[in-house]
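Structural features, examined
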Amino acid sequence: MTNTFPPRLSIVSKALGEHHAAHTARKAENKNALDRGEELLKRILGPDAEHATLSDDFEGVLFELDEMEFLFFEGATPEDDYFQVALFGLVCPRAVRTLAGVGHALDEIIERIRITVEYIHENLPV
Amino acid sequence: MPETKSPFQYLPLTIMSKAMTEFEAITISQMNAQGLFETPENVKIRADALLQKIFGEDVQFAILITNGDEDDDLAPLFVIDNMGLKFMLGATPEDDCFHLSFLSAKPVRPIRSLAGMGMALMDAMDIIDEHFSLHEMGLAEE
C-alpha cells in the first residue's frame, strides 16, 4: 500500500489498452469461439472431451456430455475463457476452468435440487 | 457381472462422477481443523495471488475493504482506481476470479487477467450507456 496514488483512471486505462491489444491479437490469430471452446474443454476433460457433442440447437457454443451441458464464454484472453455447467436444465453461474471446477458446479446444482425437493416434500398436502 | 456399455463408449454419469470426485479430493485436502474449505486465510491468500497476477506492480494501489456488517461473507473486496473487485473462490486457483463493479455497474464477466479487466470495463460502460439511454427516454427503473 502507498499514499502516492497514480493519476485517476490510469489503471482503468491500462486495462482498457490491454483489452484492445488482446482483441487485435485475437483477430490476427484467426481462432473463433468454437476453437477456443474445444481447447478449453479438452484441457478440462482430457480424453473424455471426445465424447462431447456440439449442440446445433443453440446459437453460441454449447457442448453436451454425460447429462451435463457446457456453455462456453469467450474472454479477453484464453485465460479468461470459461464454461458454465448445467445439469437437468439448471445452470450454475460459477465460472469453470478445471475438472474440479466442474465438480464444484455440479455440487452446487445438486444442493439446489436437494433443497428444492425437500421444500416440495415439506409443502405437500397431507 | 457382465460389463454394460452405453452407446457413447462410457457408462452414464461416469464423467460427472470423475468431476465430483476431483472436487471432493480438493475440498478434503484443503479443509482446516474445523472442516471448512472456504476459510478466511485460504480465501485471502488466493485473492492476493490473483490480484498480484492481474495488476503486477500496480497491486500496491489496491485497498482491501472490510465490512464489519458482512462477517459471513468471506469474499474480500478490493478497491483500485475507482474499480471494485470482489473475489470469488473457485475449486482450484485456476477457477478463482474477480467480479468488477465500476461506477455502480456490475458486469457478470469473471476476470483473471488485465485484458479481462478491460473487457469487463467495456461491459460496465455498455451497462451505464444503456441505463442513461433508458433514463433519457424516461424508461429507467428506479
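A brief look at the structure comes next. (Residues numbered from 1 in each chain as written. Chains lettered and ligands numbered in written order. Predicted model: local features only at pLDDT ≥ 70, side-chain atom pairs only at ≥ 80, totals over all residues. Heavy atoms only, no water.)

So, on to the overall build of chain B. A tally of regular secondary structure across chain B gives three helices and four strands. Of the regular secondary structure in chain B, the N- to C-terminal order runs α-α-β-β-β-β-α. Residues counted as buried form 42% of the 142 residues belonging to chain B. Residue pairs at least 24 apart in sequence account for 35% of intrachain contacts in chain B once pairs closer than 6 positions are excluded. (Helix = DSSP H or I, 4+ residues; strand = E, 2+ residues; numbered from the N terminus. Buried < 20%, exposed > 50% of the residue type's maximum accessible area, 1.4 Å probe, protein only. Contact = heavy atoms within 4.5 Å.)

Listed per partner, the contact involves 48 residues of chain B and 49 residues of chain A. Here chain B packs against chain A, burying approximately 3,900 Å² in sum over the two surfaces, 66% of which is carbon and sulfur. For the pair chain B and chain A, the interface holds six salt bridges. Between A:Lys14 and B:Asp58 there is a salt bridge, and its shortest N-O distance comes to 2.5 Å. Inspection of the region where chain B meets chain A yields 21 residue pairs in polar contact (both at pLDDT 80 or more). Among the elements of the structure, α1 (14-29), α2 (40-55), β1 (63-65) and α3 (114-136) of chain B are those that each provide at least two residues to the side of chain B that touches chain A. (Buried area = accessible area lost by both parts, 1.4 Å probe. Salt bridge = Lys/Arg side-chain N within 4 Å of Asp/Glu carboxyl O. Polar contact = N/O pair within 3.5 Å; in protein donor to acceptor, adjacent residues only side chain to side chain.)

It is worth spelling out helix α3 (residues 99-122) of chain A at this point. Helix length check: α3(A), at 24 residues, gives a terminal C-alpha distance of 35 Å against a target of 34 Å (1.5 Å per residue), a fit within 8%. In this fold, the buried residues of α3(A) make contact with α2 (33-45), β3 (68-73), β4 (82-87) and β5 (90-91) of chain A together with α1 of chain B. (Expected span 1.5 Å × (residues − 1).)

Let's shift gears to the pairing of β4(A). All names here are of chain A. When you tally the buried positions in β4, you get six out of six residues, the bulk of the element. Neither face of β4 is exposed, since Tyr82, Gln84 and Ala86 on one face and Phe83, Val85 and Leu87 on the opposite face are all buried. Direction of pairing for β3 relative to β4: antiparallel, over a ladder of six bridges. Residue Leu71 lies in a different strand from β4, and its bridge partner there is Gln84. Two elements, β4 and β5, share two bridges in a ladder whose sense is antiparallel. Residue pairing across strands places Leu87 opposite Leu90, the latter belonging to β5. Counted along the chain from β4 to the antiparallel partner β5, the turn is two residues long, and its residue Phe88 has a positive phi close to 50°. (Pairing = 2+ DSSP bridges.)

A few words on the sheet that holds strand β2 (residues 62-65) of chain A. Residues and elements named next belong to chain A. Strand order in the open sheet formed by five strands is β1-β2-β3-β4-β5, and the pairing between neighbours is antiparallel. Two strands close off the open sheet at either side, each with one partner strand: β1 (53-54) and β5. The sheet contacts of α3 involve β3, β4 and β5, and relative to β4 the element is tilted by about 35°. (Axes fitted to C-alpha atoms, helices over the stretch in contact; angles between N-to-C directions.)

The next point concerns the sheet that holds strand β4 (residues 97-102) of chain B. Residue and element names in this part refer to chain B. The strand order across the open sheet formed by four strands is β1-β2-β3-β4, and the pairing between neighbours is antiparallel. The sheet terminates laterally at β1 and β4, the two strands that pair on one side only. Going across the sheet, the axis of each strand differs from the next one's by a mean of 30°, ignoring polarity. Relative to β4, strand β3 (residues 83-88) is paired through six bridges, and the arrangement is antiparallel. The residue of β4 that forms the bridge with Gly84 is Ser101.

To continue, consider the packing of α3(A) against α1(B). Between α3(A) and α1(B), the shortest axis-to-axis distance is 7 Å and the interhelical angle comes to 95°. Here α3(A) is positioned roughly perpendicular relative to α1(B), judged by the angle of their axes. The segment α3(A) lies against α1(B), with A:Leu99, A:Ala100, A:Val102, A:Gly103, A:His104, A:Leu106, A:Asp107 and A:Ile110 engaging B:Met16, B:Lys18, B:Ala19, B:Met20, B:Glu22, B:Phe23 and B:Ile26. Here the residues of the contact of α3(A) with α1(B) are counted per class, giving ten nonpolar, two polar and three charged. (Parallel < 35°, antiparallel > 145°, perpendicular 65-115°, else oblique. Nonpolar A, V, L, I, M, F, W, Y, C, P; charged D, E, K, R; others polar.)

Turning next to the packing of helix α1 (residues 10-29) of chain A against α3(B). For the pair α1(A) and α3(B), interaxial distance at closest approach is 7 Å and the crossing angle is 105°. Looking at the two axes, α1(A) sits roughly perpendicular to α3(B). Along the contact surface, α1(A) presents A:Val12, A:Lys14, A:Ala15, A:Leu16, A:Glu18, A:His19, A:His20, A:Ala22 and A:Arg26, while α3(B) presents B:Leu114, B:Ala115, B:Met117, B:Gly118, B:Met119, B:Leu121, B:Met122 and B:Met125. Taken together, the residues of the contact of α1(A) with α3(B) break down into eleven nonpolar, three polar and three charged.

On to α2(B). Compared with the 22 Å implied by 1.5 Å per residue over 16 residues, the 22 Å span of α2(B) between its first and last C-alpha is a close match. Within α2(B), burial applies to B:Asn42, B:Val43, B:Arg46, B:Ala47, B:Leu50, B:Leu51, B:Ile54 and B:Phe55. Seen along its axis, α2(B) keeps its buried residues to an arc of 165°; they face one direction. Residues B:Glu41 and B:Ile45 are exposed on α2(B) and point more than 90 degrees away from its buried face. Elements that come into contact with the buried residues of α2(B) comprise α1 of chain A together with β2 (77-80), β3, β4 and α3 of chain B. (Arc of directions from axis to C-beta.)

Any link to function would need more than the numbers given here.
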